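Chain by chain, the residues:
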Amino acid sequence: MQAEDMESSMESPNLEFEYGDTDTLTAELSELYSYTEEPEFALNRDYFEEDFRSHARGRRWIELTVEEQRAYVMRLLDALEVTDRDKRLKVARAILYLAQGVFDECDTEVDVLHWSRHNVFLLYDMGIFTALLELLSMEIDNSQACSSAVRKPAISLADSTELRVLLSIMYLMVETVRVRTEDDRPEWIAARETFKNELGSPLYNGEPFALLLFTMVTKFCSMNAPHFPMKKVLLLLWKTILFTLGGFEELQEMKVRGRERFNLPPLPEDSIKVVRAMRAASPPASAMELIEQQQQQKRGRRSRRPLVKQDSLDTYNERDPFKNDDARDEEEDPEDTDSGIEGEVDPLDRDVIIQPPPPPPPLRPPTERVNFPKGLPWAPKVREKDIEHFLETSRNKFIGFTLGNDTETLVGLPRPIHESVKTLKQHKYVSIAEVQIKKEEELQQCPMTLGEEEVEETPAEMLYLGMLPNLSQYVIALLKLLLAAAPTSKAKTDSINILADVLPEEMPITVLQSMKLGIDVNRHKEIIVKAISALLLLLLKHFKLNHIYQFEIVSQHLVFANCIPLILKFFNQNIMSYISAKNSICVLDFPHCVVHEMPELTAESLEAGDSNQFCWRNLFSCINLLRILNKLTKWKHSRTMMLVVFKSAPILKRALKVKQAMMQLYVLKLLKIQTKYLGRQWRKSNMKTMSAIYQKVRHRLNDDWAYGNDIDARPWDFQAEECALRESIEKFNSRRYDKNKNGDFTPVDNCLQSVLGQRVDLPEDFHYSYEMWLEREVFSQPIQWEGLLQNP
């Protein structure tokens with residue numbers, strides 16, 4: 001029993017998880033609805049059939065021709081414009097039923113998705129989205145609903161009915177049109193491009209559609225509209241930005257095109273492919289597990305078969321491609337000695353180790369070498385700054401003086417230095433950000449001679465322009481929601497209530513109802529975390545590609561709003577139980593629940609959950625948050641020190657227990673940047689983690705991360721670093737976006753005739769008082785004419 005307990009605590013399974021922009025279409029559609037909304041599916045159907053019966057006379061929707069369907073949608077569109085609120089809601093529910101795929105006429109989930117897709121493109125073609133947008137704007141500005149919600153002691157599902165219906169239709173339209181399928185018709189492909197351009201450009205209300213949703217988020221967080229269904233708003237906002245700006249693969253293509261535009265060499269590798277090819281690693285044992293292990297070994301040394309050494313954090317161990325076969329690590333740390341459980345082997349290596357007993361050294365089949373990479377997964381990189389620093393140090397040492405930023409002159413330096421510089425230059429990598437910073441410096445220095453900069457009207461540029469005036473409010477609002485949805489957050493009376501669109505009007509009275517609501521609430525929070533983490537990551541990545549200073553201002557707002565400790569707080573939980581959480585009831589998920597007969601729910605069926613070994617959305621959220629943390633701290637010493645101050649190393653090390661290669665990579669990156677600050681003792685007692693960093697994270701050729709001798713490890717003026725960055729951002733924004741930009745350089749009219757000849761609009765009351773003004777300000781003031789002749 002004890003051995004089994006220890007095995008379960010030591011070894012988690014390899015997670016077959018494929019990271020992408022989103023989960024499957026079915027999963028993304030099902031997450032739109034809370035389980036408490038389930039009765040509304042039937043309500044939507046009833047309102048549709050009540051109206052449709054009078055129009056179609058006994059025929060079904062799927063039997064109509066496309067022209068007849070268009071005529072009926074036109075009728076619904078006209079009915080949306082009535083003044084009666086209840087009638088409008090009934091029509092909106094009928095439209096929602098169409099967007100949901102007329103499920104009452106379908107036999108399988110595939111049929112529901114097929115008809116949903118067909119109907120959504122039909123609705124878009126008929127202009128339904130624009131009509132819904134007008135209704136949504138009306139609901140947002142509905143001060144009566146806002147004031148009554150503010151006064152209510154408890155807000156429930158009923159307070160957001162109209163908003164939920166409108167947002168659900170819009171979400172179904174955006175998500176369905178966004179997803180490409182193989183059987184898309186040519187007119188659908190054209191409609192997708194049109195819709196994408198419309199959402200990203202300021203066609204609706206003079207601003208991109210995403211800004212309207214951002215306004216809803218800030219209004220909700222300022223407690224002015226507590227009835228807004230925040231989960232639906234955040235999901236729609238995330239999918240709108242994903243649709244208009246593009247996902248991770250589009251970002252990679254844009255990066256390649258951007259490098260071509262700046263005449264930079266191509267990327268050394270496709271990062272998406274490299275990460276997907278990586279394999280997960282066994283987590284390092286905790287101190288408690290090591291003690292238990294040693295006790296176990298002492299008790300069972302005689303009676304049991306010989307020990308099999310468990311893999312270190314990298315899954316290669318004996319087959320490490322980066323070491324010579326016969327070379328072994330001479331220095332063993334406490335984690336390395338006796339770190340195996342008796343008879344326990346990493347699942348990946350069961351075919352490798354021969355039992356019992358293994359002959360020393362273990363024989364390896366010749367085919368085994370083919371399965372593992374022959375080198376490091378990433379091409380090494382070197383910055384121009386690193387080459388300059390290396391040459392400066394070398395010249396000081398061998399010649400006694402430096403040549404500034406000159407990286408070409410190698411006179412007087414010994415041969416090995418020439419070789420080193422040649423190697424460094426081979427791996428030199430210039431990023432788009434460095435080119436943008438250099439160009440910005442030139443524009444700031446020579447505003448007159450370099451002329452106006454041509455700014456391409458990309459969707460990211462238009463979004464940034466719209467977000468800029470209220471950027472800090474948007475960022476703070478998103479982080480407030482993330483904090484409220486985090487599982488580690490304690491319920492406070494003054495915190496934001498994010499459960500407005502999940503709590504039923506009548507609270508549960510049976511244990512079963514309470515269990516169902518509990519699962520629903522947890523699921524609701526997980527979906528909010530998923531949407532916010534994906535949204536923030538997309539904004540950071542797109543703004544960084546569009547212009548580095550746009551990325552830096554968003555990053556700085558996030559840092560100042562305590563994003564770094566918030567993410568660390570999120571990870572300071574039992575991350576394995578969060579990733580394997582079963583907060584879903586499969587039989588209640590859409591479209592399963594509308595096609596199949598509902599079975600009797602019992603406490604056992606609720607507890608069972610799905611059969612997956614992990615929850616896709618939670619693992620996705622964790623990776624997104626780690627990526628955000630990496631983006632905020634990369635090359636920023638002040639923020640790296642925040643990781644050290646908030647004691648992130650043990651928190652991040654615990655996250656390595658999750659056996660998923662991509663998640664481990666981003667955890668190891670965060671550990672790598674702070675290793676030099678953690679001290680020699682930490683490095684000595686965490687040699688497995690250090691080894692894993694070496695094998696999985698990209699190498700910076702002259703980065704002294706593993707030793708801590710680097711100049712960056714010395715005391716640093718952190719405040720000055722952030723202030724200098726802030727100054728650069730403000731200069732960039734004022735140069736590019738100020739209405740009266742370059743005020744110092746506008747030409748001045750020096751001609752007396754033209755200045756006096758200009759028409760000046762005077763206020764109406766000027767005519768009555770100008771004589772008094774002349775007398776007081778001109779005639780009664782003595783003029784010292786001699787003063788003009790004197791030298792100043």
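Note that this is a predicted model, so its numbers are computed, not measured. (Residues numbered from 1 in each chain as written. Predicted model: local features only at pLDDT ≥ 70, side-chain atom pairs only at ≥ 80, totals over all residues. Heavy atoms only, no water.)

Enquirer: Kindly report on the overall build of the protein, identifying the contributing residues and their values.
Expert: For the protein, the count of helices and strands is 35 helices and 0 strands. Each of the 792 residues in the protein was classed as buried or not, and the buried ones make up 49%. For the protein, the share of sequence-separated contacts (at least 6 apart) that also reach a separation of at least 24 residues comes to 81%. (Helix = DSSP H or I, 4+ residues; strand = E, 2+ residues; numbered from the N terminus. Buried < 20%, exposed > 50% of the residue type's maximum accessible area, 1.4 Å probe, protein only. Contact = heavy atoms within 4.5 Å.)

Enquirer: Can you lay out the side chain of T36 for me, pointing to particular residues and giving the numbers?
Expert: Relative to the helices and strands, T36 is located in the loop between α2 (25-30) and α3 (39-56). Given the relative accessible area of 18%, T36 is considered buried. In terms of polar contacts, T36 uses its side chain to reach the backbone carbonyl oxygen of V502, at 2.8 Å. Beyond its immediate stretch of four places on either side in the chain, T36 contacts L157, V502, P504, L517 and D520. (Polar contact = N/O pair within 3.5 Å; in protein donor to acceptor, adjacent residues only side chain to side chain.)

Enquirer: So what's going on with the confidence of the model for the protein? Residues and values would help.
Expert: When pLDDT is averaged along the protein, the result is 83; 84% of the residues meet or exceed 70. Per-residue pLDDT stays below 50 along residues 1-10; that stretch engages in 19 contacts with residues further than four places along the chain or on separate chains. The model gives residues 302-373 a pLDDT under 50, and that stretch makes 124 contacts with residues more than four places away or in other chains. (pLDDT = per-residue confidence, 0-100.)

Enquirer: Account for the nonpolar core, with residues named and values stated.
Expert: Judged by nonpolar contacts, the single largest core of 189 residues is most densely connected at W61, F209, I241, L481, F571 and M663. The element that contributes the greatest number of residues to this core is helix α21 (residues 511-546), accounting for 16 residues. Ranked by size, the runner-up nonpolar core spans 8 residues in total, among them I387, L413, V421 and L424. (Core = buried A, V, L, I, M, F, W, Y, C linked by side-chain atoms within 4.5 Å.)

Enquirer: Give a detailed account of the pattern of salt bridges, specifying residues and quantitative values.
Expert: Under the criterion given, the structure shown has 40 salt bridges. A salt bridge links R178 to E175, with the nearest nitrogen and oxygen atoms 3.0 Å apart. With R178 and E175 both in helix α9 (residues 161-178) and 3 residues apart, this pair spans about one turn of that helix. The same class applies to R178 and to E175, which are both buried. Salt bridges linked by common partners bring E28, E31, E175, R178, K239, E526, K530 and R617 together as one network. (Salt bridge = Lys/Arg side-chain N within 4 Å of Asp/Glu carboxyl O.)

Enquirer: Please set out the packing of aromatic side chains residue by residue, giving values where relevant.
Expert: Taken as a whole and assessed by the stated rule, the structure comprises 31 aromatic pairs. When the ring of F48 is compared with that of Y97, the centres are 5.0 Å apart and the planes differ by 45°; the resulting orientation is tilted. Of this pair, F48 sits in helix α3 while Y97 sits in helix α5 (residues 85-99), and the two are 49 residues apart along the sequence. Each of the two residues, F48 as well as Y97, counts as buried. Aromatic rings pair up to connect Y33, F41, F48, F52, W61, Y72, Y97, F103 and F590 into one cluster. (Phe/Tyr/Trp six-rings, centres within 6.5 Å; stacked < 30°, edge-to-face > 60°.)

Enquirer: A description of the environment of T22 should follow, citing residues and the corresponding values.
Expert: Mapped onto the elements, T22 comes out in the loop between α1 (2-10) and α2. Overall, the relative accessible area of 19% leaves T22 in the buried class. For the pair formed by T22 and A531, sequence separation is 509 residues and the distance between their alpha carbons is 9.9 Å. Setting aside anything within four residues of it in sequence, one finds T22 in contact with E28, R178, W238, K239, L242 and W616.

Enquirer: So what's going on with helix α28 (residues 637-645)? Which residues, and what values?
Expert: In an α-helix there are 3.6 residues to a turn, and that puts residues three or four apart on one side. Turning to α28, its buried residues are H637, S638, R639, T640, L643 and V644. Residues of α28 that are buried sit in contact with α22 (548-560), α23 (563-571), α27 (616-633), α29 (648-655), α30 (661-674) and α33 (718-737). Positive backbone phi, approximately 55°, marks K647, located one or two places after α28.

Enquirer: Give me the packing of α3 against helix α4 (residues 66-79): which residues, what numbers.
Expert: Closest axis-to-axis distance for the α3/α4 pair is 12 Å, and the angle between their directions is 120°. In this view, α3 runs oblique relative to α4, as classed from their interaxial angle. The interaxial crossing formed by α3 with α4 has right-handed handedness. Packed against α3, whose contacting residues are F48, D51, F52, S54 and H55, the element α4 presents E68, Y72, R75 and L76 at the interface. In terms of residue class, the contact of α3 with α4 is made up of 4 nonpolar, 2 polar and 3 charged. (Axes fitted to C-alpha atoms, helices over the stretch in contact; angles between N-to-C directions. Parallel < 35°, antiparallel > 145°, perpendicular 65-115°, else oblique. Left-handed = near helix turned anticlockwise from the far one by under 90°. Nonpolar A, V, L, I, M, F, W, Y, C, P; charged D, E, K, R; others polar.)

Enquirer: Account for unusual backbone geometry, naming residues and giving values.
Expert: With omega at 5°, the peptide bond leading from F590 into P591 counts as cis. Here P591 is to be found in the loop between α24 (575-579) and α25 (592-595). Positive phi values are uncommon outside glycine, yet M223 reaches one of about 65°. Along the chain, the position of M223 falls in the loop between α11 (209-221) and α12 (230-245).

Enquirer: Go over the packing of α21 against α22 with me, naming the residues and quoting the values.
Expert: When two helices pack together, their arrangement is given by the angle between the helix axes and the distance between those axes. The geometry of α21 relative to α22 is characterised by a closest axis approach of 5 Å and an angle of 145° between their N-to-C directions. On α22, the residues that touch L536, L540, F543, K544 and N546 of α21 are I548, Q550, F551, V554, S555 and L558.

Enquirer: Lay out helix α16 (residues 384-398) in plain terms, naming residues and giving numbers.
Expert: For α16, with 15 residues, the first-to-last C-alpha span of 21 Å sits near the 21 Å given by 1.5 Å per residue. D386, I387, L391, S394 and R395 are the residues of α16 that are buried. Projected down its long axis, α16 shows its buried positions confined to an angular sector of 160°, all on one face. Turned more than 90 degrees off the buried face of α16, the exposed positions are K385 and K397. Residues of α16 that are buried make contact with α17 (415-426). After α16 finishes, the residue G400 shows a positive phi value of roughly 100°. (Expected span 1.5 Å × (residues − 1). Arc of directions from axis to C-beta.)

Enquirer: For the side chain of E37, give the residues involved together with the corresponding values.
Expert: Among the secondary structure elements, E37 is positioned in the loop between α2 and α3. By relative accessible area, E37 is classed as buried at 5%. Not counting residues up to four positions away in its chain, the partners in contact with E37 are L32, L157, R164 and K232.

Enquirer: Can you explain the environment of I651? Please cite residues and give values.
Expert: Tracing the backbone through its elements, the reader meets I651 in helix α29. Not counting chain neighbours up to four residues away, the residues in contact with I651 comprise L568, F571 and N572.

Enquirer: Provide a residue-level description of a nonpolar patch on the surface, including the pertinent values.
Expert: Together, F398, I399, F401 and L403 make up a nonpolar patch on the protein surface, roughly 340 Å² of accessible area in all. Judged by its relative accessible area of 32%, I399 is partly exposed. (Patch = residues over 30% accessible without salt bridge, like charges linked within 9 Å, V, L, I, M, F, W, Y side chains within 5 Å. Areas by Shrake-Rupley, 256 points an atom, 1.4 Å probe, with all protein chains shown as cover.)

Enquirer: I'd like to hear about the environment of I189, residue by residue, with values.
Expert: Secondary-structure assignment places I189 in helix α10 (residues 186-200). The class for I189 is partly exposed, based on a relative accessible area of 43%.

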